[in-house]
Amino acid sequence: MNPDASDMTLDDHDPTSPSQADQPAALRSDRLWQLDGWTARVIKNEDDDGWAVEMLQDGEAEPALVGPWTMGRDKKNPKPFDQAAFNTLVKTASEVLQRHRQQAHAMLHKRLTVFALDAQWDVRLDITPDEYEPYATLSAFDELGEEVAQVRVPPDFRLGVASATAWISGGFARPAQASRGFEGWSE
């Protein structure tokens, strides 16, 4: 018998009702829960004698979260899932995914404010991570938020106060160096 299949219960959803016809029934067992687009599974911890839990969002190949899981009272088997534990795991896994999205966004979109030519400028670098021809767009915005200049630069362009100030002071000319921007721009 499959240990994950023991004590399985299904929510009593009426599959003919229109609001739930497209949703799968929730699956709940001691070591496996599937509910609200998430699957929580207790697995053997490969690093020691304990147990771990993995949280997988529907449609994803990799788990969003893997962490230690508590031993049961017999100190041999894992503690069974309950609604509170599942809710906590969903919340934690959702927060992890949100932080990953925020970090990916921050890596591709950089922004800073500089003072040049007696004015304040908002300079942005937006990287387009194309598999074959990645590139970045360098843009300058004036104090009113109007875009004043935009040039295409290499994706490894290093945006910093010195490079942004040099670009603005240089009349927004396109960087001459293919991979480093203007000479001396990298910080």
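Above: the structure in question.
As a starting point, this report considers the structure included with it. Model, not experiment: these values are computed from the prediction.

Considered for burial, the residues of helix H2 (residues 161-169) that qualify are Ser 163, Ala 164, Trp 167 and Ile 168. Projected onto a plane normal to the axis of H2, the buried residues spread over an arc of 130 degrees and lie on a single side. The secondary structure elements touched by the buried residues of H2 are strand S7 (109-116), strand S8 (119-128), strand S9 (135-141) and strand S10 (147-153). A positive backbone phi angle near 80 degrees is found at Gly 171, which sits one or two residues after H2.

In this section: the packing of aromatic side chains. For the structure on display, the rule yields 5 aromatic pairs. Aromatic pair Trp 69 and Phe 81: ring centres 5.0 Å apart, planes at 50 degrees, arrangement tilted. With Trp 69 in strand S6 (residues 65-69) and Phe 81 in the loop between S6 and helix H1 (83-108), this residue pair connects regions lying 12 residues apart in the sequence. Phe 81 sits in the buried class, given a relative accessible area of 7%. Chaining the aromatic ring pairs together yields one cluster made of Trp 33, Trp 69, Phe 81 and Phe 86. Above the face of the Phe 141 ring, Arg 124 is positioned so that its terminal group lies 4.1 Å from the ring centre. The residue whose ring lies beneath Arg 152 is Tyr 135, and the NZ or CZ to ring-centre distance is 3.7 Å.

Rules used throughout
Residues numbered from 1 in each chain as written. Predicted model: local features only at pLDDT ≥ 70, side-chain atom pairs only at ≥ 80, totals over all residues. Heavy atoms only, no water. Buried < 20%, exposed > 50% of the residue type's maximum accessible area, 1.4 Å probe, protein only. Helix = DSSP H or I, 4+ residues; strand = E, 2+ residues; numbered from the N terminus. Arc of directions from axis to C-beta. Contact = heavy atoms within 4.5 Å. Phe/Tyr/Trp six-rings, centres within 6.5 Å; stacked < 30°, edge-to-face > 60°. Lys NZ or Arg CZ within 6 Å of the ring centre and 35° of its normal.

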